[in-house]
Amino acid sequence: MFGRMTIRAALFALLMALAAPLLAQTGEFLPLTDPVELAPGEPDAKVGELIFRGGVAIAPDKEQIGGISGLEWHDGRLWGVTDEGRWLVMTPGDVQGRLVDVQSIALGPLLDERGRKLGGKERGDAESVTRLASGEWLVGFEQDHRVWRYPALGQAASGSDERLAPLIAAITEANSGIEALAAYPQGLLACGEWVDPARPNCLRVTAAGAHRFALAAPQGIAAAGGVPTDAACKPDGTCFVLLRSFRREEGNRAAVVEVAPDDTARTLAVLTPPLMLDNFEGLAFREEAGRQFLYLVSDDNLNNCETDQRPGCQRTLLMKFEIAGSAPVAGAPVVVAAVPATKATARPGKRPFPDAAHVDVVLETEMGDITIALETERAPITAANFLRYVDEGRFDGTVFYRAMRLDREPRPNGLLQGGTQFDPKRILPGIPHEPTTKTGLTHTHGALSMAMGEPGTANGDFSIMIEDQTGLDADPAATDPVWRNGYAVFGYVVDGMDVVAKIHASAIDPDKGEGWMKGEMLAKPVKIISARRAPAE
């Protein structure tokens, strides 16, 4: 496994960047993460009907992230609740369909009906969360067993949800409450943290009424004491229930069961050692472009190995799985489909300082011309370096070779990369780094940015942003040096973004490239015929 600094440097060295938007919410910050594998050396390991699509371990960081016990996918982000009475929102960082980072986290306290923080473990032990079709949220608590409604997770509770009273009445233990809550347009599913045929552990509520049923733990986890711990539903009422178990002699186990609208169940996967596991308590469902994904998150019980490596310490793992049948062939690289350029995509880049001195350069490619305004005044070192490559003909005959396509709106979205590809006959020595905090430039639509491994190593490879990728800007508040330095913007495409988008939409060879680059390389790289200074006006 790569170290935290290594993986981010490796990703961003080739601008395998997470296109993080500006952190708009007060208190949002970039957490520290490490990549994890479900099975060593198997990036697309398949277990049952689930295909692993990346994962990270989230450090407690400055806000003591941990205790995550419920999860919900909404509006492109993961929403959760924690053991100590907090809500949180995580923005996952996906590249080519794989989870490689968490771009931002925001947290805040859950409030009671009078707008006060929930005091103490007994009062604030939130274990489940879901969002209703009305836009309201439900949060389930254990110890002081109840399910509260919230207009929004940062606002005061508006009261209890009495539909779940029959299941709450069946609870017999303080630490075995309603761990699973999942809403869909026509109903609601809830499950308690027990398995007992004589005491049904699940409740489904629809317009026809409410009924309880018993959901058993599947083989492979039943003998270890598997119990429901979260759930998520599709719009048609098909739900997925996460079960987990722990035995000191064998560690953690987990299972995902699909529950049909008629409450019949089938096992999708059972996760057991030696797979990478921890105390999985959160499950979220995401569907996009016909593909179906499940996110699993573990509860470190605020005893994270990052800060305390004593026996019994735990981790906050966030993992992404694709449900087989909506996926490519198992083991094949995940290739995000190309999206044709729109009128909006073809718009030129916008220079933040239009009156600053600049030099225009024309890249003549096989698909058309791209005109760049090099920011010689705002980024003099980086722009001068690029001009030297231009004036010495070092870009002539090179190619655009990589299209990183991000799974986010608006589409197309990502970046196009080209240049010298470390050809020893073409590259020049690295140059001093000019962070965006110094130049005032930013990775907005049409910006050009230098690829590098670490500050001082940029040479002859560059990328063009398609839509805003401001997560690449320098962030002085970041704890990770890679994020703190950011990447060097040195110019903007002022004409020819339609050509950039056309190249970006070229066919991908799913077998080309290695590691993180696989599934992003153009099947037929597009040649840069020449790079020349534009005639002066």
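Note that the coordinates shown come from a computational prediction; the quantities given were computed from them, not determined experimentally.

Undergrad: What am I meant to see in the nonpolar core here?
TA: Taken as a class, soluble globular proteins show a tendency for nonpolar side chains to be buried jointly. Ranked by internal contacts, the top residues of the largest apolar core, which has 48 residues, are I370, F386, F400 and F462. Among the nonpolar cores identified, the runner-up in size contains 27 residues, and V47, L50, F240 and A254 belong to it.

Undergrad: I keep staring at the sheet that holds strand β26 (residues 414-419) and nothing clicks. Help me out?
TA: Taken in spatial order, the 8 strands close into a barrel running β23-β24-β29-β27-β28-β26-β25-β30, and their pairing is antiparallel. Between one strand and the next, the sheet's axes are offset by a mean angle of 35°, whatever the strand orientation. In this sheet, strand β29 (residues 489-495) lies alongside strand β27 (residues 447-450) in antiparallel orientation, the contact comprising 3 bridges. Each residue of the ladder has a partner; that of A447, found in β29, is Y492. Where helix α4 (residues 380-391) meets the sheet, its contacts fall on β23 (359-365), β24 (368-374), β27, β28 (461-466), β29 and β30 (521-533), and the angle it forms with β30 comes to roughly 90°. Contacting β23, β24, β25 (399-405), β26, β28, β29 and β30, helix α7 (residues 497-504) crosses the sheet at an angle of about 105° to β28.

Undergrad: Teacher, can you tell me more about the pairing of strand β16 (residues 227-233) here?
TA: Two faces, one strand: in a regular strand the side chains alternate between the faces of the sheet. Burial of β16 is extensive: 7 of the 7 residues sit out of reach of the surface. Across 6 bridges, β16 lies against strand β17 (residues 239-247) in antiparallel orientation. Looking at β17, one finds that A231 is bridged to V241. Between β16 and β17, which pair antiparallel and follow one another directly, the connecting turn spans 5 residues, one of which, G237, has a positive phi of 95°.

Undergrad: I keep staring at the packing of aromatic side chains and nothing clicks. Help me out?
TA: The geometry of an aromatic ring pair is captured by the separation of the ring centres together with the interplanar angle, meaning the angle of the planes. Going through the model one piece at a time under the given rule, you end up with 11 aromatic pairs. With 5.5 Å between their ring centres and 25° between their planes, F240 and F285 make a pair best called stacked. Pair noted here: F240 is in strand β17 and F285 is in strand β20 (residues 280-288), with a separation of 45 residues, a long-range link. Ring pairing ties together the aromatic residues F386, Y389, F395, F400, F462 and F490, which thus form one cluster. Over the ring of W148 we find R146; its NZ or CZ atom is 4.2 Å from the centre of that ring. Across the ring face of F353, the terminal group of R378 is positioned such that the distance to the ring centre comes to 3.7 Å.

Undergrad: What should I look at first to understand the environment of Q143 in this one?
TA: Residue placement: Q143 occurs in the loop between β9 (137-141) and β10 (146-150). Contact partners of Q143, with chain neighbours within four places excluded, come to K121, E122, D125, A174 and N175. Within polar-contact distance, the side chain of Q143 engages the side chain of D125 at 3.0 Å.

Undergrad: It is not clear to me how α7 should be interpreted in this structure. Could you clarify?
TA: Because an α-helix completes one turn every 3.6 residues, residues spaced three or four positions apart along the sequence face the same direction. Across the 8 residues of α7, 6 count as buried, placing the element largely inside the fold. Restricting attention to buried positions, one finds in α7 the residues M497, V499, V500, A501, I503 and H504.

Undergrad: What should I look at first to understand the sheet that holds strand β12 (residues 178-184) in this one?
TA: Strands pair in a sheet through their backbones, by hydrogen bonds, and they do so in one of two ways: parallel or antiparallel. Here 4 strands make up an open sheet; going across it, the order is β12-β13-β14-β15 and the pairing antiparallel. With one partner strand each, in any of the chains shown, β12 and β15 (209-213) form the two edges of the open sheet. Looking at each pair of strands side by side, their axes are set apart by 15° on average, direction ignored. Two strands pair when backbone bridges link them, and strand β13 (residues 187-192) and strand β14 (residues 202-206) are joined in this way by 5 bridges, in the antiparallel orientation. Bridged to C191 within β14 is C202.

Undergrad: It is not clear to me how the environment of S463 should be interpreted in this structure. Could you clarify?
TA: Considering the arrangement of structural elements, one finds S463 in strand β28. When the C-alpha positions of S463 and R402 are compared, they lie 9.2 Å apart, and in sequence the two are 61 residues distant.

Undergrad: What am I meant to see in the pattern of salt bridges here?
TA: Oppositely charged side chains can pair when the atoms bearing their charge come close. Counted according to the given criterion, the structure contains 32 salt bridges. R286 is the salt-bridge partner of D94, the closest N and O atoms lying 3.0 Å from each other. Pair noted here: D94 is in strand β6 (residues 86-95) and R286 is in strand β20, with a separation of 192 residues, a long-range link. The same class applies to D94 and to R286, which are both buried. A salt bridge links R394 to E392, with the nearest nitrogen and oxygen atoms 2.6 Å apart. Residue classification places R394 among the buried residues on the basis of a relative accessible area of 18%. Among the charged side chains, a network of salt bridges with common partners joins D44, R53, R98, R291 and E322.

Undergrad: Looking at this model, I keep getting lost on the environment of A45. Mind explaining?
TA: Relative to the helices and strands, A45 resides in the loop between β1 (33-35) and β2 (46-47). On the basis of relative accessibility, which here comes to 5%, the residue A45 falls in the buried class. It is 9.6 Å that separates the C-alpha atoms of A45 and F321, two residues lying 276 residues apart in sequence. Each residue touching A45, except ones within four places of it in the same chain, is listed here: L38, A39, L50, I51 and F52.

Undergrad: Just to check I follow, could you spell out the state of the cysteines for this structure?
TA: Defined simply, a disulfide is a covalent bond joining two cysteines at their sulfur atoms. According to the stated counting rule, one finds 3 disulfides in the structure shown. Here C191 is linked by a disulfide to C202, with a sulfur-sulfur distance of 2.1 Å. Taking the sign of the S-S torsion, 105° for the link of C191 and C202, the bridge is right-handed. You can see C191 sitting in strand β13 and its partner C202 sitting in strand β14, a full 11 residues away along the chain. Assigned by exposure class, C191 and C202 land together as buried. Between the sulfur atoms of C233 and its disulfide partner C239 the distance amounts to 2.0 Å. Here C233 and C239 share a disulfide; its torsion about the S-S bond, 95°, makes the bridge right-handed. Classification of C233 as buried rests on a relative accessible area of 12%. Counting its disulfide-bonded cysteines in sequence order, the protein shows a connectivity of 1-2, 3-4, 5-6.

How each quantity is defined
- Residues numbered from 1 in each chain as written.
- Predicted model: local features only at pLDDT ≥ 70, side-chain atom pairs only at ≥ 80, totals over all residues.
- Heavy atoms only, no water.
- Core = buried A, V, L, I, M, F, W, Y, C linked by side-chain atoms within 4.5 Å.
- Buried < 20%, exposed > 50% of the residue type's maximum accessible area, 1.4 Å probe, protein only.
- Pairing = 2+ DSSP bridges.
- Helix = DSSP H or I, 4+ residues; strand = E, 2+ residues; numbered from the N terminus.
- Axes fitted to C-alpha atoms, helices over the stretch in contact; angles between N-to-C directions.
- Contact = heavy atoms within 4.5 Å.
- Phe/Tyr/Trp six-rings, centres within 6.5 Å; stacked < 30°, edge-to-face > 60°.
- Lys NZ or Arg CZ within 6 Å of the ring centre and 35° of its normal.
- Polar contact = N/O pair within 3.5 Å; in protein donor to acceptor, adjacent residues only side chain to side chain.
- Salt bridge = Lys/Arg side-chain N within 4 Å of Asp/Glu carboxyl O.
- Disulfide = S-S within 2.5 Å.

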